[in-house]
Structure formats: structure tokens, C-alpha cells
Amino acid sequence: MAVSQTIFLQCPSASISPFSAPPSSAINRVSVKFMVSCCSVASPVTLVNGNVDSKPSERNEVRLGLPSKGRMATDTLELLKDCQLSVRQVNPRQYVAEIPLLPNLEVWFQRPKDIVRKLVSGDLDLGIVGLDTVSEYGQGNEDLILVHDALEYGDCHLSLAIPKYGIFENINTLEELAQMPQWTTERPLRVATGFTYLAPKFMNDNGLKHVTFSTADGALEAAPAMGIADAIVDLVSSGTTLRENNLKEIEGGVIVESQAVLVASRKSLTLREGVLDITHEMLERLEAHLRAAGQFMVTANMRGSSAEEVAERILNQTSLSGLQGPTVSPVFCKRDGKVTADYYAIVICAPKKELYKSVQQLRAIGGSGVLISPLTYIFDEETPRWRQLLSNLGMGF
Ligand SMILES: Nc1ncnc2c1ncn2[C@@H]1O[C@H](COP(=O)(O)OP(=O)(O)OP(=O)(O)O)[C@@H](O)[C@H]1O
Ligand SMILES: O=P(O)(O)OC[C@H]1O[C@H](OP(=O)(O)OP(=O)(O)O)[C@H](O)[C@@H]1O
Ligand SMILES: [Mg+2]
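This write-up is about the structure you can find in this document. Everything numeric in this text was worked out from a predicted model, so none of it was measured.

In the vicinity of ligand 2, the residues found are Arg-71, Gly-218, Ala-219, Glu-221, Asp-234, Leu-235, Val-236, Ser-237, Ser-238, Gly-239, Thr-240 and Thr-241. Glu-221 places a polar side-chain atom, nitrogen or oxygen, 2.7 Å from an oxygen atom of ligand 2. When ligand 2 sits alone it has 500 Å² of accessible area, and the protein chains cover 65% of it. Residue assignment for the shell around ligand 2 shows that the elements contributing at least two residues are strand 12 (231-236) and helix 7 (240-244). The dominant element in the shell around ligand 2, judged by the number of residues it contributes, is strand 12, at 3 residues.

Spelled out as C-alpha cells, the structure:
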């Protein structure tokens, strides 16, 4: 079923029509009508995202969408490489690639918003993008499932920001902004944003009544100083751009906390052969890698009278207890013709952040020859996210 959202663009600034979201489960193809009302005649144009056919596309390959450019692109390829899922791309302008370790998988490089649109239209099965993009372009569509919701890069948040000066000087919360007497039907709060779904929805959900929106593709932070808008809704990560443009965030103004996520189409997971298996392998590798990324493996030698005695010394130190306690093994040598163990080799995992503290504690209890090595994976028992995914798909047990 095709669903339409009508956006009215006016010149010189645009105002987005009252936000009306279709029931999310009903969307499998989103068509957008732009009513261009700055010209003398309003002319509706219907655009369709992705597959124009109503049948699911017949293909045997599983398709993964990865960001083709922007700040997510390199980090995504790096993460996959760290999971031994290196992407082989013949040249940077070729948009299809492969992951040799996952046969039957095609990688398609796309702009992040197009990845989400193509998941919804059924032209992709899996994708890696920011949660902000999933929320904005997925519009709550129930066909989109977050397989991994925290890939630990691309951190930012979508936030409402207002000037630090003028009538906003003493406004520090969303509630205070909403209660300002200035906003009326004739003179609404003007918000500039590229997030034309989430921003109106947020304002609506929070009871801000007199609001209009204008949209632009970038450098939104300039809009208040240019007199085009009173406030902006945009992504913030370090906060530098807001600061440099004399803008501030306010309490209650965060719309989405975002980072990179692995997202899939429910239909693909349940109906397309091979999607679930590839998703399982990707999820296992991602989880095992991300767990390992925060830890180092530490080995050391320690003099002792028995493995238990050495273990006890280690366990008495809070930052040395490892994942499931330390591994302690005797180091044998021959003395006076007798095989004995005066030393024990110990292996622990130490959080990267506490590495130096761990080394100091090891030394303090007699550790020597301390070796530190990076970890590639920590595979635990079945990942909780896999169980959650199966139960979400109605396949749980
Ligand atoms: N400081 C940041 N600003 C914007 N996005 C960020 C930031 N930090 C992380 N991200 C994440 O990176 C994603 C891609 O942003 P980026 O600006 O690189 O590409 P884009 O917005 O698709 O392209 P363009 O800005 O050229 O339109 C965002 O959707 C968001 O999830
Ligand atoms: O909090 P900060 O670390 O300063 O980052 C936030 C800025 O980064 C993004 O812009 P981008 O660099 O993508 O440029 P754009 O406006 O052209 O999209 C975003 O739209 C903000 O403007
Ligand atoms: Mg950008």
C-alpha cells in the first residue's frame, strides 16, 4: 500500500504541513507529495522510493546497505574489518561490493537516508546507519527492526536549540519555551530543521502549538542569526557548532540519542532465504568484537605455593578478577631432579580504561613479566540480542 505525506514548501521560507503519520505498519512504500506554493500554480508530484513494483523483488542474494559517504562511511568499513568482515570494493565509485567471508551477500553503498528508504521498500535487507536516520526516514515503520542498537560510533543526538541571547536569554527548558507569550497563530515559533518528520512530531508530542518549520540541507545553525528561524532542530555531537553560533540546548530538548545501528527488514528476516543466517553471523561477530574492544588480555608470572593461593591473591584485588575469575596455570621446572612449580602463569582480561591500575595491582602482589595483548573477540554464550531478535520475530523459544 502506498502512503503519502504532503509537504508544503513555500518561498522564501518553507513551512511543513501539519504532521500526520500514517499507521506505521501500513507503510511499505512511502510516496511524498511536494506542493510547491511559491509558484502561481501548485503542482503535486508523486515520488516513489525504491521498487515501484508491488511484488517483493525476486532475487537470491541478500543485500546489505552501507553508507557511501559522510562521516559514517569510513567508520562502518573499519568496524566490519575489525570483525573480519572486510568489504571488497573494486573502486570507490562502484556502488556494489562484497564481503568475501559472507558469500551470497551483496553490499550496496548508498546515502544513509536511502538505506532506510530501501529497507522499507524491500530493495535492501540489512543496513548500517545512524539511529537518527532510521527514526527520521523509517517513521516508526514496524517492518524495521534494530538488530544491534549500539555499534559504538557515530555518537550524536538530535536536539532542539535556541539562541543564548535576546528573548531566549533566560529560557532553559522546553516547558519555558512552550510558555513564552510570544508564540501565537500569527507569529509562531519558527524552527529550521532537516528532520521534517521527527521535529514536527516532537513539537506535537510535547504540546507546542504555534510552530512552523523551514528546511535546509545544512549549516542550519546560521538560521537564527540570519533571522530565518527562532530555533533549530539538528544533530549535535561535540557541541562546537552550536557554541560557535551562539546557540544553546535546553532541558527536555533532546529528541533522539543516536549512534550507528544494524537495522533489518522484518519481511526480509522472515521471508528471504539466508537473511537470518547472515544476520546471526554478523550479530555474533559484532557483539564479540565490541565486547573485546574494551578489554586487553593480560598475562603475568607470579611466584606462589599453589594455584589456589595465587588465585586468592589475585581475587583480593578488585580490578583483577577478569571475566570469570583468573586462569592460573603452573609453570613447571626441574630442580634437584624433581619437577616442581614455583611460578604460576596467570591470564586475565582487564578493561582498557583500568589497564595501568591492573598492572600496578599485579606488581603489588608479586606479578612479573606482565604481557598485554589486544583481544579480537570475546564470544559469550548465545548473545542476548539474538534471543531478543528471535522473540521479536515470533521465533522465540
Ligand atoms: N556531528 C555530527 N553531525 C552529524 N551527524 C553525525 C555527527 N556525528 C555523528 N553523526 C552521524 O553521522 C550520520 C551521517 O552524517 P553526515 O553529516 O556525515 O552525512 P549526511 O548528513 O548524510 O550527509 P550531508 O551532511 O552531506 O547531508 C548522521 O546521520 C549521524 O548518525
Ligand atoms: O556538535 P558538533 O560536533 O559541532 O557537530 C554538529 C554539526 O555537525 C553536522 O553538520 P555537518 O558537519 O554534517 O555539516 P552539514 O551541516 O553540512 O550537514 C550537524 O548538522 C551539525 O551542524
Ligand atoms: Mg551532515
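Still to come is the rest of the account.
Here we come to the side chain of Asp-234. Within the secondary structure, Asp-234 sits in strand 12. The side chain of Asp-234 sits in the buried core without any salt bridge; Arg-71 is the nearest counter-charge, 8.5 Å away. With residues up to four places along the chain from it excluded, the contact list for Asp-234 reads His-157, Leu-158, Ser-159, Phe-195, Leu-220 and Glu-221.

In terms of strand pairing, strand 16 (residues 327-335) meets strand 17 (residues 338-351) through 8 bridges, oriented antiparallel. Bridged to Arg-335 within strand 17 is Lys-338. Hairpin remark: strand 16 followed by strand 17, antiparallel, with 2 residues in the connecting loop; positive phi at Asp-336, about 50 degrees.

With that out of the way, let us pick up the packing of aromatic side chains. Under the definition given, this model contains 2 aromatic pairs. With 6.0 Å between their ring centres and 20 degrees between their planes, Phe-168 and Trp-183 make a pair best called stacked. Of this pair, Phe-168 sits in the loop between strand 9 (156-163) and helix 4 (174-178) while Trp-183 sits in the loop between helix 4 and strand 10 (189-193); the two residues are 15 residues apart in sequence, bridging distant segments of the chain. Of the two residues, Phe-168 and Trp-183, both sit in the buried class. The interplanar angle of 40 degrees and the centroid separation of 5.0 Å between the aromatic rings of Tyr-377 and Phe-379 together place this pair among those described as tilted. With a relative accessible area of 21%, Tyr-377 lands in the partly exposed category. Cation over ring: Lys-352 sits above Phe-296, and NZ or CZ is 5.0 Å from the ring centre.

The next subject is unusual backbone geometry. We note that Glu-152 has phi near 65 degrees; this positive angle belongs to a residue other than glycine. Inspection of the secondary structure assignment puts Glu-152 in the loop between strand 8 (144-148) and strand 9. One non-glycine residue, Asn-246, lies in the positive phi region at around 60 degrees. The topology assignment puts Asn-246 in the loop between helix 7 and strand 13 (247-258). Under the relative-accessibility criterion, Asn-246 is labelled partly exposed at 40%.

Let us now look at the pattern of salt bridges. Here the structure, examined in full by the defined rule, presents 15 salt bridges. Where Asp-125 meets Arg-59, a salt bridge forms, and the shortest distance between an N and an O atom there is 2.8 Å. One end of the pair, Asp-125, is in the loop between helix 2 (112-121) and strand 7 (126-130); the other, Arg-59, is in the loop between strand 3 (45-48) and strand 4 (62-67), and 66 residues separate them in sequence. Of the residues examined, Asp-125 reaches a relative accessible area of 0% and is grouped as buried. Since its relative accessible area comes to 11%, Arg-59 is described here as buried. Across the pair Arg-385 and Asp-149 runs a salt bridge whose closest N-O atoms are separated by 3.0 Å. Placement of the pair is Arg-385 in helix 12 (residues 384-392) and Asp-149 in the loop between strand 8 and strand 9, with a sequence separation of 236 residues. Assessed through its relative accessible area of 39%, Asp-149 is described here as partly exposed. Overlapping salt bridges, with partners in common, bring together Arg-59, Asp-125 and Arg-272 in one network.

Rules used in this analysis
- Residues numbered from 1 in each chain as written.
- Chains lettered and ligands numbered in written order.
- Predicted model: local features only at pLDDT ≥ 70, side-chain atom pairs only at ≥ 80, totals over all residues.
- Heavy atoms only, no water.
- Near = heavy atom within 4 Å.
- Polar contact = N/O pair within 3.5 Å; in protein donor to acceptor, adjacent residues only side chain to side chain.
- Areas by Shrake-Rupley, 256 points an atom, 1.4 Å probe, with all protein chains shown as cover.
- Helix = DSSP H or I, 4+ residues; strand = E, 2+ residues; numbered from the N terminus.
- Buried < 20%, exposed > 50% of the residue type's maximum accessible area, 1.4 Å probe, protein only.
- Lys, Arg positive; Asp, Glu negative; His and termini not counted.
- Salt bridge = Lys/Arg side-chain N within 4 Å of Asp/Glu carboxyl O.
- Contact = heavy atoms within 4.5 Å.
- Pairing = 2+ DSSP bridges.
- Phe/Tyr/Trp six-rings, centres within 6.5 Å; stacked < 30°, edge-to-face > 60°.
- Lys NZ or Arg CZ within 6 Å of the ring centre and 35° of its normal.

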